[in-house]
Structures are given as C-alpha cells and as structure tokens.
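Now for the letters of each chain:
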Amino acid sequence: MKNLLPHNWQQPNLDGVHTDGKWLIPPIVDLCARLREPGHQSHGNLASEGRAARENGILHIVLPPDTNPVLENGSLFKGLREKAYHDGGVHLHILGALTLGLEGKQPANLAGLKQGGVVGVTNTARGFDSDLVMLRTLEYAANFGLKVFFYPNEPSLSTGVAHDGYIASFHGLEGIPWLAETIALSKQLLMVEETGVIAHFSQITCRTSVELIRWAKQRGLPITCDVAMHQLHLTDDDLEGYNTNAFVYPPLRSNTDQQALIAGLQDGTIDAICSHHEPLSANAKQAPFGECVAGISNFDTFVSLGCQLVADGMLSAEQLIDKICLKPAKIAGIQAYQAIGGAVLVDPNLSWQVGQDAMLSNGKNTPFLEKRLTGKVIATFFNE
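Residues numbered from 1 in each chain as written. Predicted model: local features only at pLDDT ≥ 70, side-chain atom pairs only at ≥ 80, totals over all residues. Heavy atoms only, no water.

Once that is clear, we can look at the UniProt feature "domain: Dihydroorotase catalytic" (unreviewed entry) in the protein. Those places that UniProt annotates as "domain: Dihydroorotase catalytic" (unreviewed entry) correspond, in this numbering, to residues 21-207. Note that residues 21-207 is 35% helix and 17% strand, and that its end C-alpha atoms are spaced 36 Å apart. (UniProt positions renumbered as here; feature names shortened; annotations may be inferred. Helix = DSSP H or I, 4+ residues; strand = E, 2+ residues; numbered from the N terminus.)

The subject of this paragraph is empty space enclosed by the protein. Applying the stated criterion across every chain yields a total of two cavities of 30 Å³ or more. Of the voids in this model, the largest cavity is the one considered here, and its volume is about 70 Å³. Taken together, Arg-34, Leu-35, Arg-36, Glu-37, His-40, Leu-63, Pro-64, Asp-66 and Thr-67 make up the lining of the largest cavity. Reported here for the second largest cavity is a volume of approximately 50 Å³. Elements that contribute at least two residues to the lining of the second largest cavity include exactly strand E2 (23-25), helix H9 (302-311) and helix H10 (317-331). Here the lining of the second largest cavity is composed, by residue class, of eight nonpolar, one polar and no charged. (1 Å grid on protein atoms, 1.4 Å probe; cavity = no way out; pocket = protein on both sides within 12 Å on 5 of 7 lines; lining within 4 Å. Points joined across faces, edges and corners; volume = space filled by probe spheres on them. Nonpolar A, V, L, I, M, F, W, Y, C, P; charged D, E, K, R; others polar.)

What follows covers the layout of surface pockets. In this structure, the largest pocket occupies an estimated 640 Å³ of space. In terms of lining residues, the largest pocket is bounded by 26 residues, among which Arg-34, Asp-66, Ala-125, Tyr-249 and Glu-278 are the most central. Taken as a whole, the second largest pocket holds about 190 Å³ of empty space. As for the second largest pocket, its lining consists of 17 residues, of which Gly-127, Phe-128, Met-134, Asn-153 and Gln-188 are closest to the centre.

As structure tokens, then:
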C-alpha cells in the first residue's frame, strides 16, 4: 500500500482490509460542485449528490452561490451545512454572492456573509454593470478579509456554445473565443493587484490563461487557480457528432490549450483540480446541441480520471493528492481539515465501466458513459 496521508494524520483502522497495491489518501476537497439544492432538485439534491461525492472520496465540497434562491443570506448557511452533512454525509463550504442577486449592480451584504461562515465570495461567471462596480466591490471584500473566487468570463464574448475553432465551425455552432476568458482574467488580475484582495481563479481553460496566471504569480499577486478535471481529458474534438454530454461552460478547448493546462499543473502554476460537477436529469440533454442544458456529471469519474493522469505520467501520485486534497483544503481555508480527518482507499488499477447503474449521482450526463476507466475508491473512512 502507498500511504499518501500527510505526516501526523490519524491513521484509519485497516484491519481486515486488503490494501496491496492501493493508495491511502486524505479526503478529497472539491473547489466547485453544484449539488442542485436549493432550487434545482429535479437534477439532484444534497442526499443524492452528497452520497455520490462521499462514496467517491469527496468529503469536502465548495458550493457556488448560483442556487435558487441565491446564497446571499449568511444566517441560513448553518442550516444548509447541517442538511448537507445529515442528508449527504459531506462537509459543505459555501461561497456567498459577491453582488446582490449576482446581478453585478451593488455589493451583497458581505459582513453578513462573513458572519455566516463563507469560505469566500464570488459573482460566478456573471459580469458586473461596470468596472467601477467591480473595483469597489473588490475593495469592499478586501476590507472584510474575504477571498474572492473568480470564474473568468466576459459575457459579451461568450454568447456561443462551443470553443471557437474548427470543430464549432464544421458543426455550424456559434463559438466562444478564448478571449472571453482571458480578457476577463486580465482585468481581474489587475483589479487584484490594485485592491490587494486575495483571489482564486476557478476552471481556467486555455493556454493564455495559464500564461497570465504564471505572470501574476511571478509578480507576487495573492492568487491561486484550478482547472476542471474534464478539461485535462477532453477537447473540443469530443463534440464530434453533436455530443451533448460534452456541452459544458466554460467550453472544452483545443488540444493546444489542454497541453498548456497539463504543463501548468506540472510546474505549479495551476494549484488544484476541481470536479465542476453539474448533474442533470435525463431529459436535460435531449434537445439539440446548444439548446440543451450545459454540464457534466463528474463525481463518479473524478478519481478514475485522476488515476489516469498518474498512469500517463503527467503527475505523480503525490502531485495528484496535492492537487485534489491538500492544496484545495488550503485554498478553501478549511482550518479543521486534519482535525476532521478521515481517509480514502483508492485502487488505482481497478477497471470499471461507466454505466448508468454504476454511477451514484442522479446525473448520468457524462461523455465517459459506457467507457472503461481505471481507478476507483473502494473504501472511505470517517472520523465521526
């Protein structure tokens, strides 16, 4: 067994457990997953998605605020966290809305959000009414010591449904240029430098974003970033034949972008890997490409795809654990990560077929459906 738990981590009782060739890792921390509750329970809920996360080793989940209602009332967060633990057995870490209703017009009640125990604030991928609103809002967040999570996107450039390249053109799909991400990212980095706010950039997708993040880190800006696991395994080539299960925002990019993302992981420019889990009901993907609902269900395949990165020599096992466990815990500010403890036993060589019956999430919307993957969580240990 390869023990990948940090030094001084409480060891689980493995008596009677076959551990040959397995990895023992800390609980996975997911920096972006949508559990569909509150407000979108037709696609899933805290019980179904919590169970899927828990059985796949993901015990800590950062929840964006674009639920219904929007997460902007800090007094309600304690109850939501308790419900997530009671119904799904996971530790929920909430991002509050940076602006009222995520409308980008005026700051939300950041004092109330901080009192409610948010791990950060975000306007998700939605824009601001003006750069001045963004500047003042970031100054406000900095005054409260709140970390801001950015999902870099310029709405005026992201009206399409796929990466702006040959595949989109061939299929007659409106494209989303990489500039939609990098123009927003450039502006946000300059605002971070001006305001001093601590920032995390989530789900970057393209080569220029990696270069900009690398440049900003060299300047000493207080930033981190992550990439969604599916961006490391899929490109816009996977849209071939109007594959609606590969329809996601931000879009799957080119092979060149994917190679830059992998290089950014390897050299430390990209700090973490998130699932960007977005479960959907069966009929949500039935409409034509671009008219159906965007999103990929990722909890069930997350560990397998991580094991594939190791098998392909892109990351070592230790680097993978740093990207999906240790660094995300630090980014999310989970002070009690080690105290909460627990562990996950992974068989990196276990082959399985991604089928609807094998997936625990309510959402079966994955481009990996019916494919064989290698690597699976076989046991999760908790410190109750």
